[in-house]
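# Observations on the three-dimensional arrangement
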Amino acid sequence: MANLSPPPGKTFVVEHLDPELEAWSSLEYYTIASECHNSGAKFLLSSVPKSLKLPANLQHVQGLTVETRGIEDIYTDKKDRVCLLDPAASQDLSPEDGETFEIFLFGGILGDDPPRDRTSELRKKGYQGRRLGPVQMTTDTAVRVTRIVVQDKVAVEQVPYIDHPELKINKNESTQMPFRYVKGNDGRPIMPDGMLDLIKKDSEKSLDDLF
Ligand code: SAM
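Residues numbered from 1 in each chain as written. Predicted model: local features only at pLDDT ≥ 70, side-chain atom pairs only at ≥ 80, totals over all residues. Heavy atoms only, no water.

Let's shift gears to the site of the ligand. Near the ligand lie 22 residues; those nearest to it are Leu 85, Asp 112, Arg 118, Thr 119 and Gln 136. Note that an oxygen atom of the ligand is positioned 2.6 Å from one of the backbone N or O atoms of Leu 85. Note that a nitrogen atom of the ligand is positioned 2.7 Å from one of the side-chain N or O atoms of Gln 136. A total of 570 Å² of accessible area belongs to the ligand in isolation, and the protein chains cover 99% of it. Sorting the residues of the shell around the ligand by element identifies strand E5 (103-108) and helix H5 (139-150) as the ones contributing at least two each. When grouped by side-chain class, the residues that make up the shell around the ligand number nine nonpolar, six polar and seven charged. (Near = heavy atom within 4 Å. Polar contact = N/O pair within 3.5 Å; in protein donor to acceptor, adjacent residues only side chain to side chain. Areas by Shrake-Rupley, 256 points an atom, 1.4 Å probe, with all protein chains shown as cover. Helix = DSSP H or I, 4+ residues; strand = E, 2+ residues; numbered from the N terminus. Nonpolar A, V, L, I, M, F, W, Y, C, P; charged D, E, K, R; others polar.)

Written out as structure tokens, the structure is:
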């Protein structure tokens, strides 16, 4: 009889590249873990310094595996099955890449404006690279879009996006996010739970610093 079990899910690896793990990253990683868990994929947070104490929200999350080793030590014999999601790659990710690659690698870096190309730290390890279109995404958005492309087989340019949304901080002020997000069913950018409050808090702090 034919074996009808579904093919094993993909593995999404975020290589943490910062010495600290800030509140923004912890919200992003929590969201990536939950979404991967719900879609049958694995999420590995690699290169987490031994000395780093994980924030409370990441201590007991279903779907999250934390590794102190880096990507090269974890997948020594699978280099050709790893795809680096790289804003500077010459080829965009396609649904067919889901057949070629098993492991999708992302930089665990907070977005910056203008982008500082810290993904180059992973590029120099020599993995094959794919781009997710021309606009910088947050790490959780990049993982979400990759899942949609390789697991749901939707072309990268067919995913509904919202670029550079304007978020209201209070009655008088708003702030523009320099990133691309996936558009949710409610027409708003998909962001981790708690992110909007954190952005508001951080923006109010920087507004206060101006006075
Ligand atoms: N400013 C950045 C840098 O220094 O490279 C981009 C960091 S981005 C917030 C975090 C990760 O998401 C990147 O390392 C990359 O893996 C992925 N990413 C974000 N936007 C992407 C895009 N348009 N194409 C491919 N990967 C992307």
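The subject of this paragraph is the sheet that holds strand E6 (residues 128-130). Taken together, six strands build an open sheet; the order of strands is E3-E2-E1-E5-E4-E6 and the sheet is parallel. Two strands in the sheet have a free side with no partner beyond their single neighbour: strand E3 (64-66) and E6. Across this sheet, the average inter-strand angle for adjacent strands is 30 degrees, counted without regard to direction. In the sheet, strand E1 (residues 11-16) pairs with strand E2 (residues 42-46) via five bridges, with the strands oriented parallel. Paired with Val 13 across the bridge in E2 is Leu 44. Packing against the sheet, H5 makes contact with E1, strand E4 (82-85) and E5, and its axis sits at approximately 165 degrees to E5. (Pairing = 2+ DSSP bridges. Axes fitted to C-alpha atoms, helices over the stretch in contact; angles between N-to-C directions. Contact = heavy atoms within 4.5 Å.)

Our focus in this paragraph is the packing of helix H1 (residues 23-38) against H5. With their axes 9 Å apart at the nearest point, H1 and H5 run at an angle of 15 degrees to one another. Our classification of the angle between H1 and H5 gives roughly parallel. Crossing geometry of H1 relative to H5 is assigned as right-handed. Here Glu 28, Thr 31, Ile 32, Glu 35 and Cys 36 of H1 lie close against H5, whose contacting residues are Thr 139, Asp 140, Val 143, Arg 144 and Arg 147. (Parallel < 35°, antiparallel > 145°, perpendicular 65-115°, else oblique. Left-handed = near helix turned anticlockwise from the far one by under 90°.)

When pLDDT drops low, the exact placement of atoms in the prediction is not to be read closely. Scored by pLDDT, the chain has a mean of 92; 93% of the residues are at 70 or more. A low-confidence stretch, residues 1-6 stays under pLDDT 50, and its non-local contacts, those more than four residues away or across chains, total zero contacts. (pLDDT = per-residue confidence, 0-100.)

Here E4 shows no split at all, with Val 82 and Leu 84 on one side and Cys 83 and Leu 85 on the other all buried. Pairing of E4 with E5 involves three bridges; the strand directions are parallel. Residue pairing for E5: Leu 84 is matched across the bridge by Leu 105. Two strands pair when backbone bridges link them, and E4 and E6 are joined in this way by three bridges, in the parallel orientation. Among the inter-strand pairings, Leu 85 is bridged to a residue of E6, identified as Arg 130. (Buried < 20%, exposed > 50% of the residue type's maximum accessible area, 1.4 Å probe, protein only.)

Turning to the pattern of salt bridges, a few remarks are in order. Under the defined criterion, the tally for this structure stands at 15 salt bridges. In this structure, the salt-bridge partner of Arg 144 is Glu 35, at a minimum N-O distance of 3.1 Å. You can see Arg 144 sitting in helix H5 and its partner Glu 35 sitting in helix H1, a full 109 residues away along the chain. In this structure Arg 144 comes out as buried when scored by relative accessible area, which is 3%. Close ionic contact of Arg 69 with Glu 67 constitutes a salt bridge, the shortest N to O distance being 2.8 Å. (Salt bridge = Lys/Arg side-chain N within 4 Å of Asp/Glu carboxyl O.)

A few words on unusual backbone geometry. Phi angles above zero are rare outside glycine, and Asp 117 is one such case at about 55 degrees. When you line up the elements, Asp 117 lands in the loop between E5 and helix H4 (120-123). The backbone phi angle of Lys 153 is positive, close to 60 degrees, even though this residue is not glycine. Structurally, the position occupied by Lys 153 is in the loop between H5 and strand E7 (161-163). The partly exposed category is assigned to Lys 153, whose relative accessible area is 41%.

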